[in-house]
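# An overview of the molecular structure
Read off the chains here:
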Amino acid sequence: MKLHSVMACVVGALLLSAQAYAVESGVKVYGIIDTGLQFTKAKHTDSTVKMVSGQQSGSRWGFTGQEDLGNGNYAFFILEGQFDSDNGQVKNFNGETDGLFTRQSVLGVGGKYGEVMFGRLYNGSGPAGRNQTLAQADAFKTAWVDASCRTLSLENTLRLRNAVQYSTPNLSGWKAVTTFSLTRFKNSEAATWTQNDRLVDLAVRYKGKKTYFMVGANKTEDAGNESGIFNFVTGGHYDFGPFKLFAGYRYGKHLATAGVQFKGPSDWSIHGEWVGLQVPVGKGLIMSQVNHLNAKSDSKGKGSFAKTSFGLGYQHFLSKRTDVYLIGAYSTANQAAKDAETENRFVTTVGMRHRF
């Protein structure tokens, strides 16, 4: 029997048993299914139409639960996997076969002094996970890659393995999150400490009645003492009532890619900015954003380019759990990336998302 068939049977058995167990234990089964149709016209290529998964939110399923330990303390867990809703296959990341829980596998404890959790988890300065800080600083919530600030670099969302994360309690709107990973994207630790790709991430955010602000950074110490990746990001929004205004800045050094997927010369440094807008309209939301990137390779100065992307979209909420969306984005780049298909294209996506 093929591996995918075995995994499908395991998932089915888990879901069936979880329904009965959840009633007694308080365990929650949850998920998101996000499916759409995407039209793309990239530079020097023919137009394409394809069905896509997870353009707004990665299609996922999971279990989460919490137990009261008394005196305001509690234990909790998160087991979350991702799949492609267009074909039903398990979604893997970073070139490794991850198994069932490809997004999160977390065990933690919390109380009045904050939370500590261990396992496979997201960095605090990114846009996903229990303690994410970046999504609220982007008009598109960092979804729909070409429209959002993720067009500056995909190295925002880090699914870290063998990691520990501490988050402070909410202090008058302020919260800090610090994360350390022993191996970054690798499943197992090396024989010696210096052979691991270690990562440290720190994020601080403020959430007020009308104001949101975040700042975060992370540094990777690569095995072999090579120059590691450094990321810095800051952004926020202000609610004016009829509309929300978003803005942010991103800096990265020693990145493997620039923009969406452009490689060219390696060892990229990037500076990126974005300004966005959200306007509520009835049961829907109009979103627009401009993103600008300046990228340069540190490898003998052979690579540099500027890129600008424009995003415009509408999201309509059919209910609290179901919405539909129509998003359009146009990207253009020059110099080293002037012919890169991923950096020069028009993308339109129409889709539906359901949360359970």
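Below or above, wherever it landed, is the structure these notes cover. (Residues numbered from 1 in each chain as written. Predicted model: local features only at pLDDT ≥ 70, side-chain atom pairs only at ≥ 80, totals over all residues. Heavy atoms only, no water.)

### Some remarks on the nonpolar core
- In this structure, Trp268, Ala295 and Phe305 are the most contacted members of the largest nonpolar core, which totals 20 residues.
- Elements that contribute at least two residues to this core include exactly strand 10 (211-221), strand 13 (268-281) and strand 14 (284-297).
- For this core, the leading source of residues is strand 13, giving 3 residues.
- Beyond its immediate chain neighbours, meaning those up to four positions away, Ala295 contacts Ala258, Trp268, Ser269, Ile270, Gly303, Ser304 and Phe305.
- Core analysis: the next-biggest nonpolar cluster, separate from the first, contains 12 residues, Tyr30, Val106, Leu158 and Ala163 among them. (Core = buried A, V, L, I, M, F, W, Y, C linked by side-chain atoms within 4.5 Å. Buried < 20%, exposed > 50% of the residue type's maximum accessible area, 1.4 Å probe, protein only. Helix = DSSP H or I, 4+ residues; strand = E, 2+ residues; numbered from the N terminus. Contact = heavy atoms within 4.5 Å.)

### So, the environment of Val49
- For Val49, the location among the structural elements is in strand 2 (residues 48-53).
- On the accessibility criterion, Val49 (63% relative accessible area) is exposed.
- Here the alpha-carbon distance between Val49 and Thr348, two residues 299 residues apart in the chain, equals 9.6 Å.

### Considerations on the pairing of strand 10
- Burial of the side chains of strand 10 is restricted to one face: Tyr212, Met214, Gly216, Asn218 and Thr220 are buried, whereas none of Thr211, Phe213, Val215, Ala217, Lys219 and Glu221 on the reverse face is.
- Pairing geometry for strand 9 (residues 198-207) and strand 10, over 10 bridges, is antiparallel. Each bridged residue has a counterpart across the sheet, and for Ala203 the counterpart in strand 10 is Gly216.
- Counting the residues between successive antiparallel strands, the hairpin from strand 9 to strand 10 contains 3 residues. (Pairing = 2+ DSSP bridges.)

### Looking at the pairing of strand 17 (residues 345-355)
- As paired strands, strand 1 (residues 28-42) and strand 17 are joined by 11 bridges and run antiparallel to one another. Paired with Ile32 across the strands is Arg355, a residue of strand 17.
- The pairing of strand 16 (residues 322-333) with strand 17 spans 10 bridges and is antiparallel. Bridged to Ser331 within strand 17 is Arg345.

### Looking at the pattern of salt bridges
- This model, assessed by the stated rule, comprises 6 salt bridges.
- Its salt-bridge partner being Glu80, residue Arg103 comes within 2.6 Å of it at the nearest N-O pair. On the criterion of sequence distance, the pair formed by Arg103 in the loop between strand 4 (73-82) and strand 5 (104-111) and Glu80 in strand 4 is long-range, its members being 23 residues apart. The same class applies to Arg103 as to Glu80, namely buried.
- Lys307 serves as the salt-bridge partner of Glu343, at 2.6 Å between the closest nitrogen and oxygen. In this pair, Glu343 is assigned in the loop between strand 16 and strand 17 and Lys307 in strand 15 (residues 304-317), connecting sequence segments 36 residues apart. Residues Glu343 and Lys307 agree in their burial class; the two are buried. (Salt bridge = Lys/Arg side-chain N within 4 Å of Asp/Glu carboxyl O.)

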